Amino acid sequence: MMIQPMLAGKRVLLALGALATLTLSYADGFAAGLTGDQTQRCTQERYQKMVGYNCADLKLKEIPQYLKSGLLILDVSFNRIRDLKRQSFSRYTDVKYLYLFENMIQNIEEGTFSELTNLEALDLSNNALRTIPLEIFRLSLLRNLYVAYNKLEDLEEDLLQLQKPIEAPLQILSLAECWLERLPNFGILPDLWQLNISSNPMKDLTIDQFAPMCNLRSLDLNATRIPQCACQTITAELSTRRTVIYNSHPNCFAEHTACNQDTSTVPPTSPGPDEYQQCMDVRYARQQDSEAKTAWFKISLGVIACIVLFSIILCYIHRRNARNMKDHRKKHNTIKNPTPINRIMVPSEDDTPKVVENGNRDKLINDCD
């Protein structure tokens, strides 16, 4: 009869414990909701001796300002950032690699990127941009630019104000699925070797628009809607420049002789073929400058080597002469100042003093004894 009350008491205690646990869990969740996941912070990482911060997928609405100012890599992807302000990166002017993809960026205040003079790679893909800030093209070290999956409706009009040639030495440019009907005119791009314009409705794409890209080695045209004749012409021409073209549409690789019969309907395009020659001239000038620097480096290295060798020879001759001079002086001093011989006056039997050298001094002393 006593067992049942005891069991009932234990059940009550277990129920109270479960209720307390649920209450604490709810309180923790409510507190986390009030703070907006503020406990999640960026993690510091190192990659190839470079200090970086991983701030990805933290539900951030602005660029964090508590990071170390000397960071070189900043990943703020997969967040909820809508606006970039001039002060967003004012503390991080040393950054080289900046990843802002998969956000909601719509507005970029003028001057946001102007102070990032060390920036080499910028990823603004998968945002809500309508254009590319022109100040990006003035970054003198920017090599890789990714702006894919943005509806760049205002880009062509804004590029009319772009000062050309641009300062950024772009090597990789991604414009995939940006709702482009023609290739944007960035001026001559002598360093560009990889271009991605896939998944765009390129209605007005022509071979002349590739003229400023004389170093193009890889072109992605997958899922790009291009008129058949234009696609065949572009494929055939760029293939002669040893450009690898990625395109899943078989019609672009067909014979294009029929397309060349009617050239009167092809509208004039800009840029023209003369920009290809300008691009090649820039590359040739750079090659000549590089060869001249290499030649001067080799000449300077040869002169330095000759100076070092001549110095070694002079040092050897000087040491040999010094050694010979020392030996000569030693020999000369030996001849000029021979070792003095001590003489001892020893009385003889006939009372005449007898001179004896010090070599026999001990013997004479013994005889005297």
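Rules used throughout
Residues numbered from 1 in each chain as written. Predicted model: local features only at pLDDT ≥ 70, side-chain atom pairs only at ≥ 80, totals over all residues. Heavy atoms only, no water. Salt bridge = Lys/Arg side-chain N within 4 Å of Asp/Glu carboxyl O. Helix = DSSP H or I, 4+ residues; strand = E, 2+ residues; numbered from the N terminus. Buried < 20%, exposed > 50% of the residue type's maximum accessible area, 1.4 Å probe, protein only. Phe/Tyr/Trp six-rings, centres within 6.5 Å; stacked < 30°, edge-to-face > 60°. Contact = heavy atoms within 4.5 Å. Lys, Arg positive; Asp, Glu negative; His and termini not counted. Pairing = 2+ DSSP bridges. Expected span 1.5 Å × (residues − 1). pLDDT = per-residue confidence, 0-100.

1. Structural notes on the pattern of salt bridges
- On inspection of all chains with the given rule, the structure shows 6 salt bridges.
- The shortest N-O distance in the salt bridge between Glu120 and Arg143 comes to 2.7 Å. Note that Glu120 is positioned in the loop between strand 6 (107-108) and strand 7 (121-123) and Arg143 in the loop between strand 7 and strand 8 (144-146), a separation of 23 residues in sequence.
- With relative accessibility at 25%, the residue Arg143 sits in the partly exposed group.

2. Regarding the packing of aromatic side chains
- Enumeration over the complete set of coordinates arrives at 3 aromatic pairs.
- Consider the rings of Phe89 and Phe113, whose centres lie 5.9 Å apart with planes at 25°: the pair is stacked. Placement of the pair is Phe89 in the loop between strand 4 (83-84) and strand 5 (97-99) and Phe113 in the loop between strand 6 and strand 7, with a sequence separation of 24 residues.
- On the basis of relative accessible area, Phe113 is assigned to the buried category, the value being 0%.
- Judged by centre distance (5.2 Å) and plane angle (35°), the rings of Phe137 and Phe186 are tilted. One end of the pair, Phe137, is in the loop between strand 7 and strand 8; the other, Phe186, is in the loop between strand 9 (172-174) and strand 10 (194-196), with 49 residues separating them in the sequence.

3. Concerning the side chain of Thr224
- Of note, Thr224 is situated in the loop between strand 11 (218-220) and helix 3 (228-240).
- With a relative accessible area of 11%, Thr224 lands in the buried category.
- Contact partners of Thr224, with chain neighbours within four places excluded, come to Ile197, Ser198, Ser199, Asn200 and Met202.

4. Some remarks on the side chain of Glu275
- Within the secondary structure, Glu275 is located in helix 4 (residues 274-336).
- This buried residue, Glu275, is left without a salt bridge; Lys164 holds the nearest opposite charge, at 6.8 Å.
- In this structure Glu275 touches Ile188, Ala211 and Pro212, once residues within four positions along its chain are discounted.

5. Some words on the pairing of strand 2 (residues 50-54)
- Among the 5 residues in strand 2, 4 count as buried, and that is most of the element.
- Bridge count for strand 1 (residues 43-47) against strand 2 is 5 bridges, and the pairing is antiparallel. Residue Arg46 lies in a different strand from strand 2, and its bridge partner there is Val51.
- Connecting the antiparallel pair strand 1 and strand 2 is a turn made up of 2 residues, with Gln48 showing a positive phi of about 50°.

6. A short note on helix 3
- When the terminal C-alpha atoms of helix 3 are compared, their 19 Å separation across 13 residues agrees well with the 18 Å that a helix rising 1.5 Å per residue should span.
- Among all positions of helix 3, only Ala230, Cys231, Gln232, Ile234, Thr235 and Leu238 are buried.
- Those residues of helix 3 that are buried lie in contact with strand 11 and strand 12 (244-246).
- Positive backbone phi, approximately 65°, marks Arg242, located one or two places after helix 3.

7. Some thoughts on the confidence of the model for the protein chain
- Summary statistics for the protein chain give a mean pLDDT of 81 and a share of 74% for residues scoring 70 or more.
- Ignoring residues within four places in sequence, the model shows residues 1-8, a span with pLDDT below 50, making 0 contacts including any to other chains.
- Here residues 261-270 is modelled with pLDDT under 50, and outside its nearest four sequence neighbours on either side it reaches 3 contacts, counting other chains as well.

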